[in-house]
Each structure stands twice: as C-alpha cells, then as structure tokens.
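Given next are the chains, with one letter for each unit.
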Amino acid sequence: MNRLNPPENVLARNRQRVLWSSYLNPFRDSSLAGLTLLVLAILFSLFEVTVLRFFSFRNIKPDLLLILVIYIGLNSPAMNAGLYSCIIGLVGDCFSLGYFGANTLSLGSLGFSLGFINKYFYKDNAGFNILVLFLSVAVYYIIYYLILGAFYIDLIFLKSLVFIILPSILYTLLVAPLLLPALKRMLPPIPKRPQRIYY
C-alpha cells in the first residue's frame with residue numbers, strides 16, 4: 001500500500017476512528033497533562049482556602065482555578081478544554097462551602113468557549129492577550145453570579161457587579177500575568193488533535 005497516498009476507504013476509516021476517539025477519550029494522547037492539571041487544581045484549591053484567605057479583601061480573593069482554566073482554554077481544542085475545565089470546576093466545588101455545581105458550570109462553559117474560539121486569536125499581540133484575559137475573567141464572574149442568582153441565592157445584580165464582580169475581576173487580573181507564564185513552563189504540551197496513523 002502506498003503510505004503517501006492511501007486509498008479513499010482507508011482515509012475514511014481513519015477519519016472516523018480519529019473523530020470517535022477524540023470524542024470518547026480526549027485524554028488518550030494527554031494523560032500526563034490531565035494528571036498534572038488535576039493535581040494543580042487540588043493544590044490551587046487548597047492554597048485558596050488556606051493561604052489566600054489571609055490576603056482576601058472583604059472575602060474577595062484571586063481565583064487561581066479560573067486562571068488555570070483560561071490557560072487551558074487558550075491552549076486546547078474545545079472538547080478537551082471543556083472536559084478539563086469541568087473537572088477543575090468540580091474540584092473547586094468540592095473545596096467550596098456551598099453552591100455546589102456553580103464552579104463546574106461556569107468554568108466548564110468558559111473553558112469550552114475559549115477552546116472553540118482560540119484558533120481565531122492572534123497570540124503574539126500583547127495588547128490583544130490582555131483584552132482576551134480581561135474579557136475571559138469578566139465573562140466567568142458574570143456567568144458565575146448569574147448561576148448563583150438563578151439557582152442559589154437572591155442577588156441584586158447591579159450591587160453585586162459593583163461590590164463583588166468588579167473587585168474580583170481586578171484582583172484576579174493582578175495575579176494572572178504572574179501565574180500564566182508559570183503554567184506555560186510547568187505544564188506539558190496539550191495535544192491540539194489526535195495523531196492520524198495509516199495502516
């Protein structure tokens with residue numbers, strides 16, 4: 001068989017195999033990345049509930065899990081980013097005192113969305129990166145507090161925006177430029193797509 005120009009039936013079979021394997025098992029080619037992200041999510045959650053509470057301002061502190069999800073979303077395809085982000089959100093929910101599921105829904109939505117549109121980003125432009133970071137943090141907090149208001153507690157959105165959402169955005173944005181480069185050096189590469197193998 002000509003490996004450079006395989007028959008059409010072989011190409012179709014491999015396309016189907018790649019499609020289903022990427023949907024059924026997005027960890028297939030990135031088990032090390034998945035394990036590292038899980039460990040980081042647990043460590044970040046522990047750090048938030050122990051150390052960062054001493055640096056909180058009116059119970060507002062930087063969201064390290066959000067920064068981790070933004071990194072994943074900007075460097076992974078949508079299915080991987082969405083699944084990783086949901087797992088990280090679930091870890092965050094396990095360490096939170098209430099509102100179980102809010103982190104999973106909001107972080108999962110943000111991670112999937114970033115993974116879906118990151119191919120349109122021009123990542124070498126520093127100003128554009130800052131804008132994407134700001135919008136990502138802002139969208140997360142708006143989604144998070146909309147979920148809280150819809151399912152858990154009564155919120156006055158304008159009051160929450162001024163006294164909770166905006167301070168949380170600013171505090172997280174102060175930490176993000178320090179943490180994102182560290183994540184880039186620390187994490188193994190996350191595969192963009194499964195490898196095609198011809199038989």
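Residues numbered from 1 in each chain as written. Predicted model: local features only at pLDDT ≥ 70, side-chain atom pairs only at ≥ 80, totals over all residues. Heavy atoms only, no water.

Turning our eyes to something else, we now look at the packing of helix α4 (residues 78-95) against helix α5 (residues 102-117). For the pair α4 and α5, interaxial distance at closest approach is 7 Å and the crossing angle is 160 degrees. Classified by the interaxial angle, the pair formed by α4 and α5 is roughly antiparallel. In this structure, α4 crosses over α5, and the sense of that crossing is right-handed. Of α5, the residues touching α4 (which contributes A78, M79, A81, G82, S85, C86, I88, G89, L90, G92 and D93) are A102, N103, T104, L107, G108, G111, F112, G115 and F116. Of the residues in the contact of α4 with α5, the class split is 10 nonpolar, 9 polar and 1 charged. (Axes fitted to C-alpha atoms, helices over the stretch in contact; angles between N-to-C directions. Helix = DSSP H or I, 4+ residues; strand = E, 2+ residues; numbered from the N terminus. Parallel < 35°, antiparallel > 145°, perpendicular 65-115°, else oblique. Left-handed = near helix turned anticlockwise from the far one by under 90°. Contact = heavy atoms within 4.5 Å. Nonpolar A, V, L, I, M, F, W, Y, C, P; charged D, E, K, R; others polar.)

It is worth spelling out helix α3 (residues 64-75) at this point. Over its 12 residues, α3 runs 17 Å from end to end, which matches the ideal 16 Å to within 8%, given 1.5 Å per residue. Among all positions of α3, only L64, L65, L66, I67, L68, V69, I70, Y71, I72, G73 and L74 are buried. The N-cap residue of α3 is D63: its side-chain oxygen and the backbone nitrogen of L65 are 3.2 Å apart. (Expected span 1.5 Å × (residues − 1). Buried < 20%, exposed > 50% of the residue type's maximum accessible area, 1.4 Å probe, protein only. Polar contact = N/O pair within 3.5 Å; in protein donor to acceptor, adjacent residues only side chain to side chain.)

Formed by 42 residues in total, the largest nonpolar core has its most connected members in L68 and L183. Contributions of two or more residues to this core are made by α2 (31-50), α3, α4, α5, α6 (126-151) and α7 (157-186). Residue contacts for L68: discarding those within four places in its chain leaves L37, L40, A41, F44, I88, L183 and L187. (Core = buried A, V, L, I, M, F, W, Y, C linked by side-chain atoms within 4.5 Å.)

The end-to-end C-alpha separation of α7 is 38 Å, well short of the 44 Å expected for 30 residues at 1.5 Å each. Helix geometry: α7 is bent most strongly at A176, by close to 40 degrees, with proline P177 lying one to four residues after it. (Bend = angle between axes of the 7 residues up to and from the residue.)

Throughout the structure, instances matching the rule amount to 4 aromatic pairs. Ring centres of Y140 and Y141 lie 5.0 Å apart, and the angle between their planes is 70 degrees; on these two criteria the pair is classed as edge-to-face. Centre to centre, the rings of Y144 and Y145 are 5.2 Å apart; their planes meet at 85 degrees, and the pair counts as edge-to-face. Grouping residues by exposure puts Y144 and Y145 together as buried. An aromatic cluster of three or more residues is present, and its members are Y140, Y141, Y144 and Y145. Over the ring of F116 we find K119, and its NZ or CZ is 4.8 Å from the ring centre. (Phe/Tyr/Trp six-rings, centres within 6.5 Å; stacked < 30°, edge-to-face > 60°. Lys NZ or Arg CZ within 6 Å of the ring centre and 35° of its normal.)

Scored by pLDDT, the protein has a mean of 76; 73% of the residues are at 70 or more. Confidence drops under a pLDDT of 50 for residues 16-29, and excluding neighbours within four residues, the segment shows 21 contacts in the predicted structure. When the criterion is pLDDT under 50, residues 193-199 qualifies, and its contacts beyond four places in sequence or with other chains add up to 19 contacts. (pLDDT = per-residue confidence, 0-100.)

This paragraph deals with a nonpolar patch on the surface. A cluster of nonpolar side chains, namely L35, L38, V39, I42, L43, L46, V49, L83 and I87, defines an oily patch on the protein surface of about 670 Å² accessible area. Where the nonpolar patch is concerned, the elements lending two or more residues are α2 and α4. If one sorts the elements of the nonpolar patch by residue count, α2 sits on top with 7 residues. Mapped onto the fold, I87 is located in helix α4. On the basis of relative accessibility, which here comes to 31%, the residue I87 falls in the partly exposed class. (Patch = residues over 30% accessible without salt bridge, like charges linked within 9 Å, V, L, I, M, F, W, Y side chains within 5 Å. Areas by Shrake-Rupley, 256 points an atom, 1.4 Å probe, with all protein chains shown as cover. Salt bridge = Lys/Arg side-chain N within 4 Å of Asp/Glu carboxyl O.)

On to the packing of α3 against α4, then. Running from N to C, α3 and α4 point in directions that differ by 170 degrees, and their axes come no closer than 9 Å. In terms of their interaxial angle, α3 and α4 are classed as roughly antiparallel. Contacts between α3 and α4 involve L65, L68, V69, I72 and G73 from the first element and A81, Y84, S85, I88 and G92 from the second. Taken together, the residues of the contact of α3 with α4 sort by class into 7 nonpolar, 3 polar and no charged.

Bringing the side chain of S45 into the picture now. With respect to the helices, strands and loops of the structure, S45 is situated in helix α2. When residues no more than four places from it in sequence are discounted, the contact partners of S45 are L65, V91, G92 and F95.

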